[in-house]
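Spelled out from the first residue to the last, the chains are:
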Amino acid sequence: MPYFRVTTIFCALFFYFQSGISQEKPEFGVISKSESEFTSYEKDTEATAVYLYEYGDNYFEIRDDYIYLITKYHAKIKILEKEGFDYTNIEIPLYRSKKRKEKIVNIKAFTHNGEMKHSVKTSEFYNEEVNDKWTQTKFTFPNVKEGSIVEYEYEMQSPFYFNFTGWDFQSDIPKVYSEFNAKIPGNWLYNRSLKGSLDLDVNDADIVKGCFSFPGTKDDSDCESLKYVMKDIPAFKDSEEFMLSSNNYKSKLEFELSEYKSFYGSTDRYTKSWEDVDKEFKTDKDIGSQLRKKNFFEKNVDVSLLTEGDEITRAKNIYEFVKNHFTWNEKYSIWQGNKVKKAFDEKKGNVAEINIALINLLNAAGIKTNMMVMATRKRGLPKKTHPVMNDFNYIVAKVDIDGESYLLDATDKYMPFGMLPFRCLNYYGRVMDFDNNSYWYDIMPEKSNAVMLRAQMIIDPNEEKLTGMFDLINSGYNKVAQDEVLSTVKEESYIEKLEEEISDDFYITSHEKILKYSNEKKITERFNFEIENLIQGDNIYLNPFVIKFFDKNPFVASERNYPVDFGFPMKYQYVVNIKIPDGYQVKSIPENKNFTMPDNGGVLKLNVSDNTSGTLNLFFTFDLNSAHYPNGYYIGLKQIFNEAVKSQNQSLIVFEKI
Amino acid sequence: MRFFLLVSLIFTTVLSAQTNYSVSSINDSLKENANAVVRLDETYVEITAKNKMEVTNRRVITILKKAGESSIKPYAFYNPKTKITDIIAHIYNDRGVEIEKIRRKDFIDVSAVDGGTLYGDSRVKVFRYTPTSYPYTVDFSYTYTTPNTAFLPRWMPIDDYMVSVERSLFNMQIDKSLKWRKKEKNFDNYAIVNKSSEFHVSYEMNDIAAQKREALSPSFYHYEPQLMIALEEFHLEGVDGVAKDWESMGNWQYNSLLVNRDILPEATISLMKQKLTGITDRVEKIKKVYEYVQNNTRYISVQLGIGGWQPISAEEVDRVKYGDCKGLTNYTKALLKSQGIESYYSVVHAGRSKLSMEKDFAIMQGNHVILNVPNEENDIWLECTSQKIPFGFLGDFTDDRDVLVIKPSGGEIKHTHKYLNDNNLQKTIGEMEVTDSGGITANLEMETYGIQYDSHAEVLSLSEKDKNDYYTEYWSNINGLNLDEIIFDHDKNNIRLTEKIRLSTQSYVTKMGDDLLFKPNAFNASKYVPSRYNDRKLSFEIDRGYTDNDEIDIKLPVNYKLGKLPTPVIITSEFGNYEMSIERIAENQLRYKRKIQMKSGLYDKSKYDGYRDFRKKIKKYDNMKIVLNK
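Residues numbered from 1 in each chain as written. Chains lettered and ligands numbered in written order. Predicted model: local features only at pLDDT ≥ 70, side-chain atom pairs only at ≥ 80, totals over all residues.

**Concerning the overall build of chain B**
- From N to C terminus, chain B includes 9 helices and 38 strands.
- With the principal axes as the frame, chain B shows a C-alpha extent of 90 × 75 × 40 Å.
- Burial status across chain B gives 39% buried among its 630 residues.
- Considering only contacts within chain B whose residues lie at least 6 apart along the sequence, 73% involve residues at least 24 apart. (Helix = DSSP H or I, 4+ residues; strand = E, 2+ residues; numbered from the N terminus. Buried ≥ 20, exposed ≤ 12 C-beta atoms within 10 Å, placed from the backbone. Contact = placed C-beta atoms within 7 Å.)

Below, the structure written as structure tokens:
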């Protein structure tokens, strides 16, 4: 299981009388000597731009009879190279609802070139309407050259307390200094956590007495005063292939509103503990009530679907039914606006609607099924320390039958019973068991995922050609992918493409799906083929790997920033029997190989043997036994893939005339 | 280098009261090769004054399978002056029964600004429909009004590859008081019905079968039928215009959009003068000014109203030191002018595919601006939005095409530089040593010119790590490649890049008992053979041509020798030539030579198999292996 650090900073209040390191907030528009003399960032000489200073302050204030969340932001960015000019294009997103909106009340921006200052004119700040929920203020800086420092400062007022979501310490360019401040009256409670691997240099929390007064209330509220600082923050590296969400690794502070006590006495609780969440779900108008539409579904499906067969048969039938009934509209939107009945009538819906329909039907059939909330790989791993509803963006069904548990998602028509789509292979979710309490549950990916090839080849030296037959067996996630290919691509173009990929001298003479050797999690195809132009003089040269699993190593980078995560373990296997042609003898065969990665992480074997009955047997296997490889395994992984590529591309069997 | 605006040319459709949208009523010949069938594509345009136009588009399309979905075109653009008055979509099932209605409020309204633009006022209304089964039919129509008549909707009845068209209609009503021109392009060979009368333009084309996409086919634009119409007096975002031909079109643009926008502050003029002190050669002066622009400005685009066509003033660019292609080109022009050098703002269709201005029909066209500096027989063309491109080099973004050069006296069509065949040279010399253990070490020098320079020079702006990854990908045929050294010699004056690379790998050679087998062409072996078609329909094009010259000295491991030298290969064809030879230059040293010349040209479809054979042979000889005996 991968290790991801998620630390809760504080949930209680501490009294500090002295803040750790004090740094005066620099005045806007003033550049220090060290800042202007800064020419390259020695900790990252590749950086094209660097934040010299970044400051944020958040507090609450009454303006025009309304309590606003005020955010002040100030940043200075040094541009080191032309490639860094893009960091002078600034976008500030602003949220709005039908009634209220976030607003920038004050903004200033300057380019500093040595002593010279160039300002951004008021008319050069643009407000763009992105969609009905978001607008953004956009601008760029004048007169930017290598060595410029661009500086800006703004104040934003927000009526949305839930939009106080935290602070990104890490960005794609390095930061010399980044400071976050907040002053939060006791009426607001936010859950907070620090993500990523970097440590805070300053971590202060303080109580400020009577910092917030609300007209009409007798006592002023106390505030929690926070100051968090990180220094010399490295640039956040780009995403790589085969990884979990980069959100899991980025250093940032996350806030989520958990409770708001209004000054008139009422309390709005958001999220606090899983017990609260469980309770909320049970009474919730959205998901909770959507899960109680058993009657509707009973009335709208054939009775036999819910009653015929044993539990597992009923579950599988219902799963097939829901998969075929619905088309997924490619939306997730799990927390609001779900209309299961409407979705059922229209035969399409989002993840929540489809899978809630599935859960309803399974329950109607008397099969113990709960909803599991989880996050997609792209979204990142949900925090386990406390409930953060925003971390979740997906719903699946957890079914218990005869002591076995299955996770089901009916949005993908090709997905076999008990397997989740690749996007869901994100380690764990929370099962909302309304009869008991909710609990974490691990997502175990399908274990047998393989591409296997079994071939027989006969060479006819007189006809100068090779004829052969091979079975291509795809299982697990490879079966799902192959299913999709076969049902969307015409057979003719499928074969043409295969022939083109292999070689000019390769012809497929027949292709069929072998039902006998196929099932829900496995598909077998049989091909007959011919290869021409193998003979050169007295020799026959044959690379027995006619089909290649991959023709190049997916890992070429010299180093890796993030763990490799394939989602599931994988096996490639190639078995061939080649009849030694009459009048020929074996001149050379590939060397045998046997590689293993540490901790049994991977195995590669190549074995060619010359048996007595006049045939050569080649056996090749390449197993990636784990779904997840921490960084320490990268070099080993790269090497074993190199060996795999080498085995396929450079194995040669030579027969010579006797 | 970036575009200045998306000239959203055609969103077709309207008004006919067609009734039967069931799938069964589609003619079988239209279903062949089709992912979608356009049942009706109708445009109705009414121009009541030179600044008043109403356009209604209606597009009814049956989607046969998922791949056809991209042809729905479910969007309508607008801006502060162009207003959408009606918009609605209906969805029908395969039997032609309406199953859903998408009303104005169901459309998503978003900014239609591309990634390269900081801010623009162009917006778009879009809808998205999730089908529950195929086929289904979308009937989408919308109407907009606009004062902008500088470009009018065009009619292009052929839709796209894999899409057939049942019926395409184009109607335009122009007020009697307005003078207009039209051009019918590529109309021959198509069954187009012209029902036009004096003030009413009316065209129609029916039953256009879907066409498969074929490799190397020339861009659609070059052979599809198109109807273009232009008003003699028109309007554009608050500016009136008059144009009859390219000369008057240029004249209008000069006088209405460019004139007096090239005034610079005195300080800048004297700074420029100072920078040119001591330089007498005119071309050197131009170069100095161009380099000043490259070193001091950057590309930022803001497109508002007439700002989509008119550059921000040189004075403004001088202050903020940024601009889009129009602003930066105009600024360079102003700087040159301040030093007594005349140059011309020139509008072009930028993009890898070479699109020319219509030589014989003046119409608002183009998506980019470059600068033309007259220089006797040898005009200099400047791309002003790139901080890196060499002086006078255009690359494949704006090469070899007709552009509109705007002079104070009027417009003129000129042709930009061509980079063809031998101009696009890649020359590789190197040494490669095959080690006892079956690996190789090599030292290479790769020189590139022309369009090959253009694509290779991109590596220069990558970070160290990305450079490494770039070469590992470039030579992905070499398993386990290590890059030991990468040095660049970038000669911008001669527009040449030299990449000096030292590399190695542990495993390159296949061992066969005592013998070794390997491919002498490790660094430039072509595997490209274009797809096979049983019955090719379209002609094909080698768009720019190139020449590759390789000479690699190969040192063999001691104790190994090459049995028989392969016979040299020479292949000549009308598409180009190929030569390959291996000679012995010392006891255990070989010299591998390879030359490939591809000739640019447009070739008849009947020659396609010949071209495939040529590429197949190249692939075969490029990937030939040789055996070394102990």
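**Topic: the overall build of chain A**
- The helix and strand tally for chain A stands at 11 helices and 37 strands.
- The burial tally for chain A puts 36% of its 658 residues in the buried class.
- Pairs at least 24 residues apart make up 71% of the contacts formed inside chain A by residues separated by at least 6 positions.

**Thoughts on the sheet that holds strand 33 (residues 561-562) of chain B**
Residue and element names in this part refer to chain B.
- Ordered in space as 29-30-38-33, the 4 strands form an open sheet in which the pairing is antiparallel. The sheet is open, and its two borders are formed by strand 29 (510-512) and strand 33, each paired with just one other strand.
- Bridge analysis of strand 33 against strand 38 (residues 626-629) gives 2 bridges, and the strand direction is antiparallel. Its bridge partner being in strand 38, Lys561 is matched across the sheet by Asn629. (Pairing = 2+ DSSP bridges.)

**Concerning the sheet that holds strand 22 (residues 380-382) of chain B**
All names here are of chain B.
- One open sheet accounts for 5 strands, arranged 22-21-20-23-24; its pairing is antiparallel. What marks the edges here is a single partner per strand, and that holds for strand 22 and strand 24 (410-415). Neighbour-to-neighbour, the strand axes of the sheet open up by a mean angle of 35 degrees, direction not taken into account.
- Here 5 bridges tie strand 20 (residues 344-348) to strand 21 (residues 368-373), and the two strands are oriented antiparallel to one another. When the sheet's bridge partners are listed, Val348 is paired in strand 21 with His368.
- Contacting strand 20, strand 21 and strand 22, helix 6 (residues 325-338) runs over the sheet at an angle of about 15 degrees to strand 21. (Axes fitted to C-alpha atoms, helices over the stretch in contact; angles between N-to-C directions.)

**Regarding the confidence of the model for chain B**
- In the predicted model, chain B carries a mean pLDDT of 92, and 97% of its residues have values of at least 70.
- Confidence drops under pLDDT 50 across residues 1-14 of chain B; counting only partners more than four residues distant or on other chains, this segment forms 53 contacts. (pLDDT = per-residue confidence, 0-100.)

**As for the domain arrangement of chain A**
Residue and element names in this part refer to chain A.
- The domain architecture assigned to chain A consists of domain 1 (6-16 + 41-269), domain 2 (274-442) and domain 3 (450-657).
- One C-alpha centre belongs to domain 2, the other to domain 3; they are set 39 Å apart.
- Taken together, the contact between domain 2 and domain 3 spans 6 residues of the former and 8 residues of the latter.
- Residues of the side of domain 2 that touches domain 3, tallied by class, amount to 6 nonpolar, no polar and no charged. (Domains from an automatic or database assignment. Nonpolar A, V, L, I, M, F, W, Y, C, P; charged D, E, K, R; others polar.)

**So, the interface of chain A and chain B**
- At the junction of the two partners, chain A supplies 37 residues and chain B supplies 34 residues.
- Those elements that place two or more of their residues in the side of chain A that touches chain B are strand 7 (126-129), strand 8 (134-140), strand 32 (584-588) and helix 11 (634-650) of chain A.
- Here the side of chain A that touches chain B takes 5 residues from helix 11 of chain A, the largest share from any one element.
- Split by residue class, the side of chain A that touches chain B holds 10 nonpolar, 12 polar and 15 charged.

**Thoughts on the domain arrangement of chain B**
Residue and element names in this part refer to chain B.
- Considered domain by domain, chain B is made up of domain 1 (23-239), domain 2 (243-415) and domain 3 (421-629).
- Taking only C-alpha atoms, the centre of domain 2 and the centre of domain 3 are 39 Å apart.
- The interface is formed by 5 residues belonging to domain 2 together with 6 residues belonging to domain 3.
- For the side of domain 2 that touches domain 3, the class distribution of residues is 2 nonpolar, 1 polar and 2 charged.

**Comments concerning the packing of helix 4 (residues 282-296) of chain B against helix 6 of chain B**
Residues and elements named next belong to chain B.
- For the pair helix 4 and helix 6, interaxial distance at closest approach is 10 Å and the crossing angle is 140 degrees. When the interaxial angle is binned, helix 4 and helix 6 end up oblique. You can see that helix 4 and helix 6 cross each other, and the crossing is right-handed. When helix 4 is examined against helix 6, the residues Ile286, Val289, Tyr290, Tyr292 and Val293 are found in contact with a partner set consisting of Leu328, Tyr331, Thr332, Leu335 and Leu336. (Parallel < 35°, antiparallel > 145°, perpendicular 65-115°, else oblique. Left-handed = near helix turned anticlockwise from the far one by under 90°.)

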